[in-house]
Amino acid sequence: MTDSIMSKAATMEIPINSNGDSRTLAEDDGLEQATKIHWNLDEKDLQQVMVSGPNLNETSIVSGGYGGTAEGIIPTSSIKGPTILFNPDYLCRRQAAAPNSGPSMHHSNSNPSMTEEATRGIAVEKFDTMKKWSINTYKCTKQMFSERFGRGSRTVDLELEAQVDVLRETKSKYENILRLARDLTNHFYNMVQTQQALGDTFADLSQKSPELQDEFGYNAETQKLLCKNGETLLGAINFFVSSINTLVHKTMEDTLMTIKMYENARLEFDAYRADLEELSAGPRDANTMVRIEFAQQQYQVQREKYERLRSDVSIKLKFLEENKVKVMHKQLLLFHNAISAYFAGNQQQLEQTLRQFHVKLKPPGSDKPSWLEEQ
């Protein structure tokens, strides 16, 4: 009878936690799952980590409803702390074996060797660029001094260089025309302003001098008419100056920039040509043949660049000459007709000349800032 009661009591075990309260098995499974997740352990590792505390069978409460005694029962208040204890030594070994595992590791997985290789590649590329520039500069400087001291030869295109010299001389003369036209504009502007002030003074005196009213009035009207025609002529001269300025400082300057690039390419071409000739005249061993082959490649590259820029210069010089003739034909005709009409006193002819060349005059006082801009 006693054995039957004890076996029945042993089947009524109630699991308890650290505080002696009963919980469901789902909460124990949650604790185990949390342990797995936090330490990144599998089922086998978890069994090694967990060290059994007091056995739940030993801490079970035996129901006294079957006549059992209180002997051998472990009170729940004597159990403190969790029923699952962690083995710190095993955890340390686990973390040392897998340093990148676990949620506490937030560093990037970038490989330091890859970063070092990329940095080294950039440095090598910069060094190669500097090396090529230094070699090219040395060869061009050597060629330039050789030409100046008469010890080196240079490639000459007589026809093209003659056209370049004519362009430089033409640009210098056109710059002189531009400077003189600007001086004329400034002087004529001052004269127009003086005529306007003189006309205002004559008009004022015609009102205050009854005995000379007619004489002052005639002169006031004449000065106002001259001032009006002078402003019209100023519009024509300003248009002439603007067109010459565009021709000299934009069109011609662009062609001269291309000529400068052509001259630099010619110097580089001659430098590499001289280097190839010097290597070809020396001994022909294996090392020299490799250098000659490399020099031949560089020579071909510089030759193609030189010929391409020479073609560009020839085309630009041709178009520049056509554009110059067209622009100067129009501007010189405008300048002649406007000056002639003004000094002939032909106001209608002067205005017709400006309409013919589509010159728009600015209204008086348009150059002055508005009262809002002055605030």
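A short tour of the structure in this document, coming up.

Cut-offs applied
- Residues numbered from 1 in each chain as written.
- Predicted model: local features only at pLDDT ≥ 70, side-chain atom pairs only at ≥ 80, totals over all residues.
- Heavy atoms only, no water.
- Axes fitted to C-alpha atoms, helices over the stretch in contact; angles between N-to-C directions.
- Helix = DSSP H or I, 4+ residues; strand = E, 2+ residues; numbered from the N terminus.
- Parallel < 35°, antiparallel > 145°, perpendicular 65-115°, else oblique.
- Left-handed = near helix turned anticlockwise from the far one by under 90°.
- Contact = heavy atoms within 4.5 Å.
- Salt bridge = Lys/Arg side-chain N within 4 Å of Asp/Glu carboxyl O.
- Buried < 20%, exposed > 50% of the residue type's maximum accessible area, 1.4 Å probe, protein only.
- Phe/Tyr/Trp six-rings, centres within 6.5 Å; stacked < 30°, edge-to-face > 60°.
- Core = buried A, V, L, I, M, F, W, Y, C linked by side-chain atoms within 4.5 Å.

### So, the packing of helix α6 (residues 158-208) against helix α8 (residues 286-343)
Thought 1: Between α6 and α8, whose axes approach to 12 Å, the crossing angle comes to 25°. Between α6 and α8, the angle falls in the class roughly parallel. Helix-helix and strand crossings are classified by hand; for α6 and α8 the assignment is left-handed. For the pair α6 and α8, the contacting residues are L160, Q163, V164, L167, T170, Y174, L184, F188, M191 and Q195 in the first and R310, V313, S314, L317, L320, K324, M328, F335 and Y342 in the second.

### Some remarks on the pattern of salt bridges
Thought 1: Tallied over the full model, the rule gives 16 salt bridges.
Thought 2: The salt bridge partner of R168 is E263, with a shortest N-O separation of 3.2 Å. Taken together, the residues R168 in helix α6 and E263 in helix α7 (residues 213-280) connect sequence positions 95 residues apart.
Thought 3: Measuring nitrogen to oxygen at the nearest pair gives 3.0 Å for the salt bridge that ties D254 to K316. Taken together, the residues span a long stretch of sequence, with D254 in helix α7 and K316 in helix α8 at a distance of 62 residues.
Thought 4: Accessibility expressed as a relative area gives 41% for D254, which makes it partly exposed.
Thought 5: In this structure K316 comes out as partly exposed when scored by relative accessible area, which is 29%.
Thought 6: Here the residues in one salt-bridge network are R266, D270, R273 and E277, joined through shared partners.

### Section: the packing of aromatic side chains
Aromatic rings considered in pairs are described by the distance between their centres and by the relative angle of their planes.
Thought 1: All told, the structure shown has eight aromatic pairs when counted by the stated rule.
Thought 2: Taking the centre distance of 6.4 Å and the plane angle of 15° together, the rings of F145 and F149 count as stacked.
Thought 3: Looking at F145, the relative accessible area reads 42%, which means it is partly exposed.
Thought 4: Accessibility expressed as a relative area gives 57% for F149, which makes it exposed.
Thought 5: Geometrically, the ring pair formed by Y342 and F343 is edge-to-face, given 4.9 Å between the ring centres and 85° between the ring planes.
Thought 6: Overall, the relative accessible area of 10% leaves Y342 in the buried class.
Thought 7: F343 sits in the exposed class, given a relative accessible area of 61%.
Thought 8: Here the aromatic residues Y262, F269, Y299 and Y306 are joined through ring pairs into a cluster of three or more.

### Some thoughts on the nonpolar core
Note on soluble globular proteins: their nonpolar side chains tend to be buried together.
Thought 1: L167, I259 and L317 are the most contacted members of the largest nonpolar core, which totals 43 residues.
Thought 2: Elements supplying a minimum of two residues to this core: α6, α7, α8 and α9 (347-356).
Thought 3: If one sorts the elements of this core by residue count, α7 sits on top with 18 residues.
Thought 4: Leaving out residues up to four positions away in the same chain, I259 has contacts with V164, L167, R168, V313 and L317.

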